[in-house]
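Take a look at the letters that make up each chain.
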Amino acid sequence: MDSGNIAWVLVSAALVLFMTPGLAFFYGGMDRNRNVLNMLMMNFYCVLVVPIVWVGVGFSLSQTPFDNDFIGGFDSFFLKDITVAGDGMSLAVVAFLGMFAAITPALISGAVADRMKFSAWAIFVPVWSLLVYVPVFKWVYGGWLGQRGSIDFAGGTAIHVNAGIAALAAVLVLGRRQSAPTPPHSMPLVMIGTGILWFGWFGFNAGSALAANGTAVQAFMNTFLAAAAAGLVWVLIEWLRDGHPTNLGAASGIVTGLVAITPAAGYVSGPSPIFIGVIAGVSGCYAVRLKHKFGYDDALDVVGVHFVGGLVGSLLIGFFANPSFFDGAFMEGLFYGGDAKLLLEQAIANGAAIVWSFALTYGIMVALKKTIGVRVSEESESGGLDLAEHGETAYHG
Amino acid sequence: MKLITAIVKPFKLDDVKDALRAANVQGMTVSEVRGFGRQGGHSETYRGAEYKIDFVPKVRLELVVDDSGVDAVVAAIKSSASTGKIGDGKIWVTSVDRLVRIRTGEEGPDAI
Amino acid sequence: MKLITAILKPFKLDDVKDALKAAGVQGMTVSEVRGFGRQGGHTETYRGAEYKIDFVPKVRFELVVDDGVVDSVIAAIKAAASTGKIGDGKIWVTGVDRIIRIRTGEEGHDAV
């Protein structure tokens, strides 16, 4: 029993919870002023419904027994047999992982902004959580992908690639918004959200050591450096390419760097997080333009930031993983004496997550479309979702 | 010269602007205002208490045009701002006695 | 009586207010508006996508004055608001049929 470990995991759990409101502000500020409350509510709804689903069945199906290949079991439904014996760590881990389960579907909200029916979202979130998040999480942590040797420290594959590709599938079913995209309605709100996300991400990554130890400290440092490096390069590219260093560029770079370092946080050291941040920042800065080329309406760039950032970070583990630094039982990356085996496993793990998540998400969205419908009326879309869906308006004169 | 003032639905602003541009209008001023008319407002319920929001967001457009351009401009606004639903707004025309372009000091129709 | 409306560059607000005060103007109403004219707008680039911002921030002055001072008020606004650059704005004058001071009920010239 170590009270230091348990204290750090509890604090980290609270830090991760705080990321969902942070994400809500990050997205809400980018959205138009008559849809901002809908965006906030799509995010907050995730921390209302997912904890119940998680404690009820999600945790058990995704973790116990730990060594199952594809799916867990019923042993821990509704916290059955999870006690606070010893230091209470087993219960703390359920809470900590529950925060991750809550923010993952919230990431998708940025893609479907401005047009998705809230009733459809209300069903989508718990269903997606169980059919997509839970199995992929199981495969990566303890299941067949993890057993093959792929690694994912805090959720690059299980969370960001998973939600990022789901966002693409969701918008392909949902269709384009009827009116042209608008610039962010409140950049200060975006920057507040970015600050909260970065702050919370220290819990997300360093907390994933599940202990107050050296790995947690290195993960903390990596989280610090990768975000800074990615934000810096994004701003520099914009400055040179588009003429101005923008706040949104800084925010986008920071978040992309945080996403990219997530899978690698406890496996890389020294200057590696800076290289990972730089590569992720450059990738994200160009990836957010793909939607204009291919025509999918990913409103707030969930694909460009989360899918691409997560994939880049996860694959870069194949180059930068440094087990000797951590005294860890994972394979070496190419730059640290390893062969291409780890890179290959990272590719297989992400490929499996991409195929499952895309196919299931597409199916869920089509099922919703054919039953209750997924889009608000044209009138609600033009007049704003805040009033039409929630009966509230954000800015009273 | 006439001053044309129009109160329209906010999400129609871009359509109206494009229509006016196509009608060769050189400039206009817009402001965010709130309107109270037949459209009525709506009520919002917070913690069980209902608040009547009588005024709904509107955009006010103002532009000064030559007498001869009035009909075309009114027609452009009408067709681009119309949704056929209550609350589409109003257009009115008032006479302008004098118009000055500040930079050049030009007056009258030259200043439009 | 005349209503003088002027659309000006926002940073000229204080200069114009001071000039009008010096010209003996007792009151005025100012609002924040957006204008679209020869000055054109600008583009903002977010995540590599360009958004054309057609409307630029402006302030609108409105004041009701006696017929006799229209020329001097226009001259004061012109002098104070001019930068010589495009986008300095416009002034227009419309007739006022009736004016009332709410507190006293005074009408016409006395209410100006």
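Nothing here was measured: the structure is a model prediction, and the numbers come from that model. (Residues numbered from 1 in each chain as written. Chains lettered and ligands numbered in written order. Predicted model: local features only at pLDDT ≥ 70, side-chain atom pairs only at ≥ 80, totals over all residues. Heavy atoms only, no water.)

Draft legend 1. Summary view of the overall build of chain C. Within chain C, the secondary structure is distributed over two helices and six strands. Here chain C has a C-alpha radius of gyration of 17 Å; the compact-globule value for 112 residues is 13 Å, and the former is much larger. By principal-axis analysis of the C-alpha atoms, chain C measures approximately 60 × 30 × 20 Å. By residue count, 41% of the 112 residues in chain C fall in the buried class. Summing over all exposed atoms, chain C offers an accessible surface of approximately 5700 Å²; the carbon and sulfur share of this is 50%. Computed over 17 positive and 16 negative side-chain charges, the inter-centroid distance for chain C is 6 Å. (Helix = DSSP H or I, 4+ residues; strand = E, 2+ residues; numbered from the N terminus. Rg over C-alpha atoms; globule rule 2.2 N^0.38 Å. Buried < 20%, exposed > 50% of the residue type's maximum accessible area, 1.4 Å probe, protein only. Areas by Shrake-Rupley, 256 points an atom, 1.4 Å probe, with all protein chains shown as cover. Lys, Arg positive; Asp, Glu negative; His and termini not counted. Charge placed at Lys NZ, Arg CZ, Asp CG, Glu CD.)

Draft legend 2. View of the overall build of chain A. When its secondary structure is counted, chain A shows 16 helices and zero strands. The C-alpha radius of gyration of chain A comes to 20 Å, within 12% of the 21 Å expected for a compact globule of 397 residues. For chain A, the spread of C-alpha atoms along the principal axes amounts to about 60 × 55 × 35 Å. When the 397 residues of chain A are sorted by exposure, 60% land in the buried category. Of all intrachain contacts in chain A linking residues separated by at least 6 positions in sequence, the fraction that spans at least 24 positions is 77%. Of the roughly 14200 Å² that chain A leaves accessible, carbon and sulfur atoms contribute 70%. Of the side-chain charges in chain A, 17 are positive and 24 negative, and the distance between the mean point of each set is 11 Å. (Contact = heavy atoms within 4.5 Å.)

Draft legend 3. Just the side chain of A:Asp297, in detail. Residue and element names in this part refer to chain A. On the secondary structure map, Asp297 appears in the loop between α11 (290-294) and α12 (302-320). Classification of Asp297 as buried rests on a relative accessible area of 6%. Looking at Asp297, its side chain comes within polar contact range of the main-chain nitrogen of Arg177, at 2.8 Å. Setting aside its immediate chain neighbours within four residues, Asp297 contacts Ala111, Arg115, Val171, Gly175, Arg176 and Arg177. (Polar contact = N/O pair within 3.5 Å; in protein donor to acceptor, adjacent residues only side chain to side chain.)

Draft legend 4. Fine view of the packing of helix α9 (residues 247-261) of chain A against helix α10 (residues 272-287) of chain A. Residues and elements named next belong to chain A. In contact at an axis separation of 8 Å, α9 and α10 are set at 125° when each is read in the N-to-C sense. Relative to α10, the element α9 lies oblique. Two packed elements cross with a definite hand, and for α9 against α10 that hand is right-handed. In contact with Thr256, Ala260 and Ile261 of α9, α10 contributes Pro273, Ile276, Ala280 and Gly284. Taken together, the residues of the contact of α9 with α10 sort by class into five nonpolar, two polar and no charged. (Axes fitted to C-alpha atoms, helices over the stretch in contact; angles between N-to-C directions. Parallel < 35°, antiparallel > 145°, perpendicular 65-115°, else oblique. Left-handed = near helix turned anticlockwise from the far one by under 90°. Nonpolar A, V, L, I, M, F, W, Y, C, P; charged D, E, K, R; others polar.)

Draft legend 5. Main features of the nonpolar core. Counting 124 residues, the largest nonpolar core has A:Phe26, A:Tyr27, A:Ile108, A:Trp121, A:Phe124, A:Trp128 and A:Phe204 as the members making the most contacts within it. Beyond its immediate stretch of four places on either side in the chain, A:Ile108 contacts A:Trp121, A:Phe124, A:Trp128, A:Ala163, A:Ala166, A:Ala167, A:Ala170 and A:Val302. (Core = buried A, V, L, I, M, F, W, Y, C linked by side-chain atoms within 4.5 Å.)

Draft legend 6. Representation of the interface of chain A and chain C in the model. Between chain A and chain C, the residue contacts involve 20 residues of the former and seven residues of the latter. Together chain A and chain C conceal approximately 1000 Å² of surface at their shared face, both sides included; 60% is due to carbon and sulfur atoms. In terms of surface lost to chain C, no three residues of chain A exceed A:Pro183, A:Asp242 and A:Leu248, which account for 34% of the buried area on that side. At the boundary of chain A with chain C, the tally comes to one salt bridge. For C:Arg47, the salt bridge is made with A:Asp301, and the minimal N-O distance between the two is 3.0 Å. There are three residue pairs in polar contact (both at pLDDT 80 or more) connecting chain A and chain C. Going through the elements one at a time, α1 (3-30), α8 (214-242) and α9 of chain A are the ones with two or more residues in the side of chain A that touches chain C. Among the elements that take part in the side of chain A that touches chain C, α8(A) stands out by supplying four residues, more than any other. For the side of chain A that touches chain C, the class distribution of residues is eleven nonpolar, four polar and five charged. (Buried area = accessible area lost by both parts, 1.4 Å probe. Salt bridge = Lys/Arg side-chain N within 4 Å of Asp/Glu carboxyl O.)

Draft legend 7. Quick look at the sheet that holds strand β5 (residues 56-65) of chain B. Strand order across the open sheet formed by nine strands is β6(B)-β1(B)-β5(B)-β2(B)-β2(C)-β5(C)-β1(C)-β6(C)-β7(B), with antiparallel pairing between neighbours. Looking at strand neighbours, the two that pair on one side only are β6 (89-95) and β7 (98-101) of chain B, the edges of this open sheet. Within this sheet the neighbouring strands show an average axis-to-axis angle of 25°, counted without direction. Where β7(B) and strand β6 (residues 89-95) of chain C come together, four bridges link them in antiparallel fashion. From the neighbouring strand, B:Val100 faces β6(C), where its bridge partner is C:Ile91. (Pairing = 2+ DSSP bridges.)

In short, the description is geometric, and any link to function would need to be established separately.
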